[in-house]
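Chain and residue survey
Spelled out, the chains give:
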Amino acid sequence: MPFRKDFLWGGATAANQYEGAWDLDGKGASVPDHIRGGTVSTPRLWDKEIDPNVYYPSHQAVDFYHHYEEDIDLMGEMGFRCFRMSINWSRIYPTGMEEKPNEKGLEFYHKVFLRCKKNNIEPLVTLSHYELPWGLSEKYNGWTGRDVIDYFVRYARTCFEEYKDEVKYWLTFNEINIGAQPLGRIMSLGMQGKDHDPMFMFNETKQERDDRFTALHNQFVASAKAVKIGHEINPEFKIGNMIAGSLSYPYTCNPKDILEADNSFNMANYFCGDVQVRGHYPYYAKRYFKDNDIDVAMQEGDEKILAEGTVDFYSFSYYASSCVSTDPEVNEKAGGNMLSGLKNPYLQASDWGWQIDPDGLRTYLNRVYGRYEIPLMVVENGLGANDERSADGKFHDDYRIEYLKKHIETMKEAVEDGVDLMGYTMWGCVDLVSASTGEMKKRYGFIYVDRDNDGNGDFHRERKDSFYWYKKVIESNGEEL
Ligand code: BGP
């Protein structure tokens, strides 16, 4: 049996894309509550003031808030052993700065965890999945403000203490490495941009770049402090980091392309991975900061904090791969989640342009395990597709089954290679709002939700073919694919 007996099979979600109820029971607005919907070619815009006449996808999302019992029972029916979800910080601390948590918010997640328990499902909880409270974003320019660390630590402590007997597996920040890219400024670091600016902003001034890396550093410190406190509260906790797995191949065997690909992998994955797993910045960070004229506001004592707050396991998302080239003539772009590179002539792409590469998952697992030798977990992987109802009224998503099957196969190979893999949570197990485009049309789920891009639909749930397929995969612990 390649997979561990207790392999954590399941699915993944994030509150801002799934929960809805954005202003119910005391919840405050978070950064994504200010971001409009877009498409693959129209970037999402964001508003400083929420406009009552505009449709914001996160406001109702797919209403997990009122469907959690049904959804978790469906996960139970599939045999899920793990449900990755996030706690929405602004449901617990509405502006991020309150002295006391919002009781109703705490109560909601107790109910969610209880339902998980009934279904024998282990929750895996992300503390911050692109969900900074708007209050903090506005007051401190997101994570640029050093004070945000303390607010996060207070929030993390509250969650750890409150749920210490209900949750064992935690992640601090979703895809923390997106903050190392300019386009991570709003979503990942909660920094303020110009009103109505598309969220992807590339033309940074020096000050903006300094602020971004300071913000990222503050997240590192916050994450490390949280890990340490979490282990004090419950030594049984397993607390992981979460990286947007980014794999880019050299376009040719030109040594310059090889070097470029190595540098790109280092910056995209190990830069943050090293801080969170090894407890210090990688050896090449100094040169990167110097070459890019970046000044990071670090404080005395930070090094010690980082060293003391290393994670128990490394988790990551993996959807696609791309190429890099030093030849300006090679410039055909591939799509991707926040990160994108060049097209690979050997790969097919999804409808959204993401290049499907199951072998890349094996490569990634081996590479990262080789560097860190701590347990790994694939906490996001899946296919965003435009699912159409067939003439018989059902959703026959064989293309999704194919995608998942191929990735699980190479994951199995990686385990045979010797990689210590804890689990696999397929992204968007219940259809939810897309992070990059804000669409509903881009569906990932085993479970269909009746909701469209404009906010129509009654939220009812239906099982797709992949639902029954995944049930068998879990039952057979990955033997029957
Ligand atoms: C990751 C995010 C998720 C999720 C996923 C799929 O980057 O952590 O929140 O959304 O990508 O991306 P998308 O929703 O844009 O298809």
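Summarised in this report is the structure supplied together with it. Note that the structure is a prediction, hence the values are computed from the model and not measured.

The rules behind each value
Here the residue index of a chain counts from 1 through its sequence in written order. Local features in this predicted model are restricted to residues whose pLDDT is 70 or higher, and side-chain atom pairs enter the listing and the counts only when it is 80 or higher, whereas totals over whole chains, interfaces and linings include all residues. For side-chain calculations, the full set of non-hydrogen atoms in the structure is used, while hydrogens and water are omitted. Numbered from the N terminus, helices here are DSSP runs of H or I no shorter than four residues, and strands are runs of E no shorter than two. With C-alpha atoms as the basis for the radius of gyration, the globule rule is written as 2.2 Å multiplied by the number of residues raised to the power 0.38. Partly exposed residues are those whose accessible area sits between 20% and 50% of the maximum for their type, while under 20% is buried and over 50% is exposed, using a 1.4 Å probe and protein chains only. Should any heavy atoms of two residues lie within 4.5 Å, those residues are considered in contact. For the area figures, the Shrake-Rupley method with a 1.4 Å probe applies, and any residue is considered shielded solely by the protein chains shown. Under the counting rule used here, the positive set is Lys and Arg, the negative set is Asp and Glu, and His together with the chain ends is not counted. In this description, the location of a charge corresponds to atom NZ of lysine, CZ of arginine, CG of aspartate or CD of glutamate. Only Phe, Tyr and Trp rings take part, Trp by its six-membered ring, and two of them pair if their centres are within 6.5 Å. Stacked means planes under 30 degrees apart, edge-to-face means over 60, and tilted covers everything else. The criterion is simple. A nonpolar core is a set of buried Ala, Val, Leu, Ile, Met, Phe, Trp, Tyr and Cys residues joined through side-chain atoms within 4.5 Å. Here a residue is near a molecule or strand as soon as one of its heavy atoms is found within 4 Å of it. Distance and chemistry together define a polar contact, namely a pair of N or O atoms within 3.5 Å, with one atom able to donate a hydrogen and the other to accept it when in protein, and with adjacent residues in sequence counting only for side-chain atoms on both sides. Under the convention adopted here, Pro, Cys and the residues Ala, Val, Leu, Ile, Met, Phe, Trp and Tyr are nonpolar, Asp, Glu, Lys and Arg are charged, and Gly plus all remaining residues are polar. For a helix, the expected span equals 1.5 Å multiplied by the residue count minus one. The directions from the helix axis to the C-beta atoms are what the arc is built from. Under this scheme, a helix contributes an axis fitted over its contacting stretch, all axes are lines through C-alpha atoms, and angles between N-to-C directions fall in the 0 to 180 degree range. Orientation labels follow simple angle bins: below 35 degrees gives roughly parallel, above 145 gives roughly antiparallel, 65 to 115 gives roughly perpendicular, and whatever is left gives oblique. Two helices cross in a left-handed way if the nearer one is turned anticlockwise from the farther one by less than a right angle. They cross in a right-handed way if the turn is clockwise. Put simply, a salt bridge is a Lys or Arg side-chain nitrogen that is within 4 Å of an Asp or Glu carboxyl oxygen. Strands are labelled as partners when DSSP assigns at least two bridges between them.

Observations concerning the overall build of the protein chain
Helices and strands together make up the secondary structure of the protein chain, namely 14 helices and 12 strands. For a compact globule of 481 residues, the expected C-alpha radius of gyration is about 23 Å, and the protein chain comes in at 21 Å, within 12% of that figure. Counting only C-alpha atoms and orienting by the principal axes, one finds that the protein chain spans roughly 60 × 55 × 45 Å. A total of 481 residues make up the protein chain; the buried ones form 61% of that total. Nonlocal contacts in the protein chain, meaning residues at least 24 apart in sequence, comprise 75% of its contacts between residues at least 6 apart. Accessible area of the protein chain: about 18900 Å², with a carbon and sulfur share of 47%. The average position of the 55 basic charges and that of the 78 acidic charges among the side chains of the protein chain differ by 2 Å.

So, unusual backbone geometry
You will see that Asp25, though not glycine, has its phi angle at about 50°, which is positive. Residue placement: Asp25 occurs in the loop between α1 (15–18) and α2 (57–60).

A look at the packing of aromatic side chains
Overall, the coordinates contain 48 aromatic pairs when judged by the stated rule. A centroid spacing of 6.1 Å and a plane angle of 45° characterise the contact between Tyr140 and Tyr151, whose relative ring orientation is tilted. Here Tyr151 lies in helix α7 (residues 147–162) and Tyr140 lies in helix α6 (residues 134–140), a separation of 11 residues in the sequence. For Tyr140, a relative accessible area of 15% gives the class buried.

Digging into the nonpolar core
A general trend in soluble globular proteins is that nonpolar side chains are found buried together. Counting 141 residues, the largest nonpolar core has Ile87, Trp143, Trp170 and Met411 as its most contacted members. Sort the elements by how many residues they give to this core and helix α8 (residues 206–233) lands first, with 11 residues. Filtering out sequence-adjacent residues up to four positions away, Met411 remains in contact with Phe3, Phe7, Trp9, Leu361, Leu365, Val378, Leu421 and Tyr424.

Focus on the site of the ligand
The environment of the ligand is formed by 14 residues, the closest being Gln17, Glu175, Ala435, Ser436 and Tyr444. Here an oxygen atom of the ligand sits 2.8 Å away from a polar atom, N or O, in the side chain of His129. Contact between the ligand and Tyr444: an oxygen atom at 2.6 Å from a side-chain N or O atom of the residue. Protein contacts shield 100% of the accessible area of the ligand, which totals 380 Å² for the unbound molecule. Considered class by class, the residues forming the shell around the ligand number five nonpolar, six polar and three charged.

Let's talk about helix α12 (residues 358–372)
With 15 residues, α12 extends 22 Å between its outermost C-alpha atoms, agreeing within 8% with the 21 Å of an ideal straight helix rising 1.5 Å per residue. Taken together, the buried positions of α12 are Pro358, Gly360, Leu361, Tyr364, Leu365, Val368, Tyr369 and Tyr372. Each buried residue of α12 sits inside an arc of 155° when the element is viewed along its axis, so together they form one side. Away from its buried face by more than 90 degrees, α12 exposes Asp359 and Gly370. In the segment just after α12, Glu373 is the residue with positive phi, at about 50°.

A closer look at the packing of α12 against helix α13 (residues 398–417)
Running from N to C, α12 and α13 point in directions that differ by 30°, and their axes come no closer than 8 Å. With respect to each other, α12 and α13 are oriented roughly parallel. By crossing handedness, the relation of α12 to α13 is classed as right-handed. Contact residues: α12 offers Pro358, Asp359, Leu361, Arg362, Leu365 and Asn366, while α13 offers Lys406, His407, Thr410, Met411, Glu413, Ala414 and Asp417.

Some remarks on the packing of helix α3 (residues 64–78) against helix α14 (residues 465–475)
Packing of α3 against α14 leaves a shortest axis separation of 8 Å and a crossing angle of 55°. As summarised for this structure, α3 and α14 are arranged oblique, according to the angle between their axes. For the pair α3 and α14, the contacting residues are Leu74, Glu77 and Met78 in the first and Phe467, Tyr470, Lys471 and Ile474 in the second.

Details of the environment of Ser315
For Ser315, the position within the fold is in strand β7 (residues 313–317). The sequence separation of Ser315 and Tyr424 amounts to 109 residues, and the corresponding C-alpha distance is 9.6 Å. In this structure Ser315 touches Leu171, Asn241, Met242, Ile243, Met377 and Val379, once residues within four positions along its chain are discounted. Within the structure, the side chain of Ser315 is placed 2.6 Å from the backbone oxygen of Asn241, a separation counted as a polar contact.

What to know about the pattern of salt bridges
One pass over the full model with this rule turns up 32 salt bridges. A salt bridge links Asp293 to Lys206, with the nearest nitrogen and oxygen atoms 3.6 Å apart. With a gap of 87 residues between them, Asp293 in the loop between α10 (285–291) and α11 (302–308) and Lys206 in helix α8 connect regions that are remote in the sequence. What makes Asp293 partly exposed here is its relative accessible area of 41%. Residues Lys304 and Glu308 are paired through a salt bridge, measuring 3.1 Å at the closest nitrogen-oxygen approach. Here Lys304 pairs with Glu308, and both are found in helix α11, just four residues apart, close to one helical turn. The exposure class assigned to Lys304 is exposed, which follows from its relative accessible area of 54%. By relative accessible area, which is 37% here, Glu308 ends up partly exposed. A single network of salt bridges, built from pairs that share partners, joins Asp387, Asp397, Arg400, Asp431, Arg443 and Lys464.

Here we look at the pairing of strand β1 (residues 8–12)
Where burial is concerned, most of β1 is hidden: five out of the five residues are buried. Across five bridges, β1 lies against strand β10 (residues 421–427) in parallel orientation. Bridging across to β10, Gly10 finds its partner in Thr425. As defined by bridge partners, β1 adjoins strand β2 (residues 82–86) across three bridges and the pair is classed as parallel. Note that in β2 the partner of Gly11 across the bridge is Phe83.

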